[in-house]
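Examination of the molecular architecture
Listed here are the chains, written in short residue letters.
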Amino acid sequence: MRFASFRIAGLLLILTVISFISFRPYDDEFIQRLIEQFRVYTGQHPTEKVYVHTDRDTYLIGETVWLKGYIFDGKTHEADTLSGVLYVDLVDLKARRVRLRTQLRATNSYAPGQLLLPDSLPSGSYQLRGYTNFMRNYPDAYFFTKMVTILRADEPGTAPRTPNIIPKPDVQFLPEGGHLVTGLTSRVAFKVINSAGEGLAVKGFVLDTKKDTVIGFATTHLGMGYLMVKPEPAQSYTAFITLADGTLASYPMPTPQEQGVVMQVENLTNKDNVLVYVMNNKTVVDSSATLTLVAQTRGQIVQVAKVPVSRKISLVRLPRSGFPEGVAQLTVFDETHKPVCERLVFINKNEQLTVEVVADKAVYKNREQVNLTITTKSADGKPHPANLSLAAIDARLAPEADSNGATIRSHLMLSSDLTGTIEHSDMYFNPANKDRWLQMDLLLLTQGWRRFAWTDVLAGTVPPTKYPIERGLSLTGRVVRPNQKDIGGKVKLTFIIAKKDSTRDVLVGESDEAGNYMAYDLDFTDTTTVMIQGLKGNANRNLVITLDQLLMPTVTLMQAPYNPMEFRADELAEFIRRTKEYQEIERQIKRNGEVLLQAVTVKARKSEERDTRVLYGSPDATVKFDQMSTAGRLTILDVIQGKIAGVQVTGSGFSAKVQIRGAANFAGAVEPLFMLDGMPMDLQGIMGISVQDVDRVDVLKGASAAIYGSRASGGVISILTKRGKPDYDFSKDVVPGTLLAKLPGYAPVRAFYAPRYDVKKPEHIRPDYRTTLFWAPMIQTDADGKATVSFFTSDAKTDLRIRVEGATFAGMPGVGKSHVRVD
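Residues numbered from 1 in each chain as written. Predicted model: local features only at pLDDT ≥ 70, side-chain atom pairs only at ≥ 80, totals over all residues. Heavy atoms only, no water.

So, about the overall build of the protein chain. When helices and strands are counted, the protein chain shows 8 helices and 48 strands. Summarising the internal contacts of the protein chain: among those between residues at least 6 apart in sequence, 70% fall at separations of at least 24. When the accessible surface of the protein chain is summed, it comes to about 38,000 Å², and 53% of that surface belongs to carbon and sulfur atoms. (Helix = DSSP H or I, 4+ residues; strand = E, 2+ residues; numbered from the N terminus. Contact = heavy atoms within 4.5 Å. Areas by Shrake-Rupley, 256 points an atom, 1.4 Å probe, with all protein chains shown as cover.)

Moving on: the environment of Pro112. Locating Pro112 in the fold gives a position in strand S8 (residues 110-116). For Pro112, a relative accessible area of 16% translates into the label buried. Between the alpha carbons of Pro112 and Ala747 there is a distance of 9.7 Å; along the sequence they are 635 residues apart. When neighbours within four sequence positions are excluded, Pro112 is seen to be in contact with Leu67, Lys68, Leu104, Arg105, Val749, Pro777 and Met778. (Buried < 20%, exposed > 50% of the residue type's maximum accessible area, 1.4 Å probe, protein only.)

Take the sheet that holds strand S30 (residues 492-498) next. Across a sheet, paired strands are connected by hydrogen bonds in the backbone, their directions being either parallel or antiparallel. Spatial ordering of the open sheet is given by S31-S30-S33-S44, a layout of 4 strands whose pairing is antiparallel. Single-partner strands in this sheet number two, and they are strand S31 (504-510) and strand S44 (738-744). Strand-to-strand, the axes of this sheet are offset by a mean angle of 20 degrees, without reference to chain direction. Of the pairings in the sheet, the one linking S30 to strand S33 (residues 527-535) comprises 7 bridges and is antiparallel in character. (Pairing = 2+ DSSP bridges. Axes fitted to C-alpha atoms, helices over the stretch in contact; angles between N-to-C directions.)

As judged from the 4 bridges shared by strand S13 (residues 203-207) and strand S16 (residues 238-242), these two strands associate in the antiparallel manner. Looking at S16, one finds that Val206 is bridged to Ala239. Direction of pairing for S16 relative to strand S17 (residues 248-252): antiparallel, over a ladder of 5 bridges. The residue bridging Ala239 from the neighbouring strand is Tyr251, located in S17. Following S16, the chain reverses through 5 residues before pairing antiparallel with S17; Gly246 in that reversal takes a positive phi of roughly 90 degrees.

Bringing the pattern of salt bridges into the picture now. Close approach of charged atoms allows side chains with opposite charge to pair. Taken as a whole and assessed by the stated rule, the structure comprises 33 salt bridges. Here Arg56 ties to Asp55 by a salt bridge, and the two come within 3.5 Å at their closest N and O atoms. For the pair Arg56 and Asp55, one class covers both residues: buried. Residue Arg756 is joined to Asp758 by a salt bridge in which the shortest nitrogen-to-oxygen separation is 3.0 Å. A residue is classified by how much of its surface remains accessible, and Arg756, at 41% relative accessible area, is partly exposed. (Salt bridge = Lys/Arg side-chain N within 4 Å of Asp/Glu carboxyl O.)

If you check the backbone angles, Ala234 has positive phi at about 60 degrees while not being a glycine. Along the chain, the position of Ala234 falls in the loop between strand S15 (224-229) and S16.

This brings us to the side chain of His221. Positionally, His221 belongs in the loop between strand S14 (213-218) and S15. The buried category is assigned to His221, whose relative accessible area is 7%. For His221, the side chain forms a polar contact with the side chain of Tyr428, separated by 2.9 Å. Beyond its immediate stretch of four places on either side in the chain, His221 contacts Met427, Tyr428, Gln439 and Leu442. (Polar contact = N/O pair within 3.5 Å; in protein donor to acceptor, adjacent residues only side chain to side chain.)

The end-to-end C-alpha separation of helix H1 (residues 29-44) is 23 Å, in line with the 22 Å expected for 16 residues at 1.5 Å each. Of all the residues in H1, the buried ones are Phe30, Ile31, Leu34, Phe38, Tyr41 and Thr42. Here the buried residues of H1 occupy an arc of 95 degrees about the axis, which is enough to place them on one side. The opening residue of H1, the one whose side-chain oxygen lies 3.0 Å from the backbone nitrogen of Phe30, is Asp28. (Expected span 1.5 Å × (residues − 1). Arc of directions from axis to C-beta.)

Let us look at the side chain of Thr494. For Thr494, the position within the fold is in strand S30. Ignoring anything within four residues of it in the chain, the contact list for Thr494 reads Val506, Leu507, Val508, Met531, Ile532 and Gln533.

So, about the sheet that holds S17. Strand order in the open sheet made by the 4 strands is S14-S13-S16-S17, with antiparallel pairing throughout. Lying at the two open borders of the sheet, with one neighbouring strand each, are S14 and S17. Taking the axes of each pair of neighbouring strands and ignoring which way they run, one obtains an average angle of 25 degrees across the sheet.

In this fold, Gly260 is placed in the loop between S17 and strand S18 (261-266). According to the relative accessible area criterion, Gly260 is buried, its value standing at 6%. Sequence-wise, Gly260 and Asp334 are 74 residues apart; in three dimensions their C-alpha atoms are separated by 8.9 Å. Sequence-distant contacts of Gly260, defined by excluding residues within four places in its chain, comprise Val181, Leu184, Met279, Asn280, Asn281 and Lys282.

Here the focus is the nonpolar core. With 57 residues, the main nonpolar core has Leu90, Leu475 and Ile532 as its most contacted residues. In contact with Leu475, not counting residues within four places along its chain, are Phe495, Ile497, Tyr517, Met518, Ala519, Leu522, Val530, Leu547, Gln549 and Leu743. Among the nonpolar cores identified, the runner-up in size contains 29 residues, and Phe625, Ile640, Ala656 and Val697 belong to it. (Core = buried A, V, L, I, M, F, W, Y, C linked by side-chain atoms within 4.5 Å.)

Per-residue confidence for the protein chain gives a mean pLDDT of 87, with 88% of residues at or over 70. With pLDDT under 50 throughout, residues 1-14 is counted as low confidence; its partners more than four residues away or in other chains account for 38 contacts. Predicted confidence for residues 18-25 stays below pLDDT 50, and this span has 16 contacts to residues more than four positions away or in other chains. (pLDDT = per-residue confidence, 0-100.)

To continue, consider the packing of aromatic side chains. Under the definition given, this model contains 20 aromatic pairs. Ring centres of Phe38 and Trp454 lie 5.0 Å apart, and the angle between their planes is 35 degrees; on these two criteria the pair is classed as tilted. You can see Phe38 sitting in helix H1 and its partner Trp454 sitting in helix H4 (residues 454-459), a full 416 residues away along the chain. A centroid spacing of 5.7 Å and a plane angle of 55 degrees characterise the contact between Phe495 and Tyr517, whose relative ring orientation is tilted. Of this pair, Phe495 sits in strand S30 while Tyr517 sits in strand S32 (residues 516-522), and the two are 22 residues apart along the sequence. Neither Phe495 nor Tyr517 differs from the other in exposure class; each is buried. Connected via pairs of aromatic rings, a cluster forms that spans Phe30, Phe38, Phe333 and Trp454. One residue, Lys168, lies across the ring of Tyr251, its end atom 4.8 Å from the ring centre. (Phe/Tyr/Trp six-rings, centres within 6.5 Å; stacked < 30°, edge-to-face > 60°. Lys NZ or Arg CZ within 6 Å of the ring centre and 35° of its normal.)

As structure tokens, then:
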């Protein structure tokens with residue numbers, strides 16, 4: 001192995017690139033097959049991306065995490081309006097479990113909400129993660145994640161911990177393209193991290209089998225660097241790095257292949273093209289054999305080139321104009337159509353949104369109004385309407401954990417397409433960082449691609465879609481026998497959803513042959529009681545019903561990411577003290593209000609509640625279902641038979657029929673309209689309802705039935721169940737074939753409280769040392785890219801840190817920051 005410069009000598013073959021954006025034909029059979037199979041794969045394997053903006057990164061128990069979720073189409077980055085539910089979990093990294101979970105309603109891809117931190121939470125580092133139901137078809141590495149720190153006021157003596165640094169860091173050597181090949185010069189990237197995932201600065205050298213020094217190396221950026229090597233025959237190589245205590249640690253270098261293909265990519269020096277050098281030392285058996293270079297971005301094949309195997313060194317120019325902005329994957333397939341080299345590059349087109357935040361003053365007094373003007377525009381200065389969220393924070397109480405931490409632009413454009421943790425991810429998009437593109441290229445030499453494997457694409461292997469896109473809330477699960485075996489056929493199911501406002505939704509359906517059931521596009525808010533009843537055949541209720549929504553998602557976390565705020569508890573003493581004081585004031589105000597309420601006596605006559613399940617007032621006839629009337633009766637029609645004048649029931653049991661006298665037309669008798677707790681249902685469904693579950697049956701004849709329209713021309717038979725009554729207590733009702741559960745619906749969106757000191761109120765006498773002074777999750781700039789917001793400062797003499805994040809509907813992300821002084 002010898003040191004080699006990046007310039008590659010020898011004959012270079014410059015190839016024409018076929019751009020499939022212009023749909024020019026290409027007659028190569030493999031390329032046509034690859035494009036078609038990739039189109040099918042991505043069509044059946046779509047992706048979504050989620051980003052969650054929180055007001056800050058550090059909280060005290062009892063506080064509220066204010067947040068807003070953004071959902072994007074994974075391919076185009078446009079606002080994703082398909083998924084209507086966003087799940088947000090708070091994951092305890094030590095316990096490896098989900099501590100809190102909320103479901104947010106997503107409207108036009110935006111999902112504002114909050115997460116209240118209960119007193120039961122232990123202090124420490126937590127992972128906040130956001131995802132849609134459809135994203136659960138993929139590993140949870142696809143979920144959005146960020147670290148938050150939660151502190152307790154009753155743990156003031158906790159000493160700040162220091163990161164656990166292991167004596168021997170983790171070092172990875174990653175040849176560009178994937179492999180070292182004997183006799184071919186390759187760039188080998190390396191990454192050095194400690195146990196917390198932080199990059200370490202180190203120096204080292206490489207020895208060959210003879211113990212000769214081949215090359216020295218050193219990290220240049222966050223534990224990353226690269227070296228140029230040319231493996232020699234019959235040699236293996238070992239790298240050594242110098243540890244903090246002066247000792248050496250050894251690491252084996254990747255073993256070179258005797259024959260193969262390598263690639264080197266130059267993405268920095270040429271403004272018009274990405275230069276790809278393809279080299280091989282293969283023995284040429286077929287002079288017509290070719291290598292294939294494919295470039296794709298987010299599921300779109302954008303450029304393809306053919307490289308003759310007989311040319312040992314070739315150069316391919318990939319025009320930047322053919323790529324969308326973002327991470328692109330370059331793959332070389334060998335002459336047998338197997339992927340042998342891969343490299344990630346970032347295509348910068350400067351298409352991110354510029355967000356300007358300008359205050360009307362630089363310095364404010366306590367409790368003075370702050371007026372902000374927000375402007376959103378493209379890099380060329382053209383205005384672009386965007387949907388944004390804004391947080392204004394007391395910078396002294398809540399110091400920023402990482403000024404270059406993840407933002408909506410770094411997540412959407414970078415992190416969401418890569419595996420592993422990316423330190424200081426927004427630094428790669430910060431114009432103040434002059435070396436950001438060099439550092440970005442080094443990062444992409446060491447980070448893995450996460451979205452798919454070419455072997456699956458070529459094999460036509462498409463993972464099954466177990467979790468569908470949710471436009472609303474879902475109830476899914478399975479019905480089995482008591483011994484947990486398959487039920488052996490379809491099961492009739494009735495769903496009763498009892499909401500907090502006393503209204504009820506009744507749904508009727510059936511499971512599939514394996515007992516699986518799904519109820520989609522539901523809409524209920526806050527904690528709701530759900531009852532599911534199952535019936536197999538005509539009368540079998542010996543069933544067990546399971547509900548997926550009662551299960552928390554699993555947590556597959558290999559290593560807790562580094563969280564700098566966990567190790568800076570000493571800097572948060574003022575935050576803990578002030579927040580604790582403010583919470584105590586809030587609790588006292590609440591207690592005072594409760595005392596006043598208890599002193600009020602209300603005298604009124606209770607009005608009789610109208611049954612909201614029916615549209616009519618008084619029916620023409622009613623049959624009450626009690627123990628005597630239902631004794632020995634199998635179906636509802638058996639009970640009402642002979643008890644209502646003009647209602648004729650023929651037959652018995654499950655073969656019975658019913659007609660209301662006078663309900664006929666030229667075609668013959670007209671069947672009555674059956675209603676179950678206000679919901680239309682056919683006779684077969686009615687016959688499956690147990691008579692023990694019915695409270696009464698009302699009958700409407702002639703003109704009385706007109707309230708239900710033309711469908712009630714045969715009259716109305718209204719079945720009202722005991723469980724459908726607004727005051728029914730489900731908790732006292734446990735019967736075979738029934739599942740009763742309390743489920744969270746959409747989390748009610750609370751309004752952020754921000755006092756207005758321009759209007760005097762009694763509560764303004766209390767001190768104001770809030771950490772989050774203002775949170776506005778739904779700011780929309782107009783056609784001119786403008787929006788204005790205002791809020792008031794607190795009693796603190798401090799700096800306010802203002803951060804705005806968001807995106808255009810077309811998926812152009814942007815971040816704006818500002819600071820103001822309060823004296």
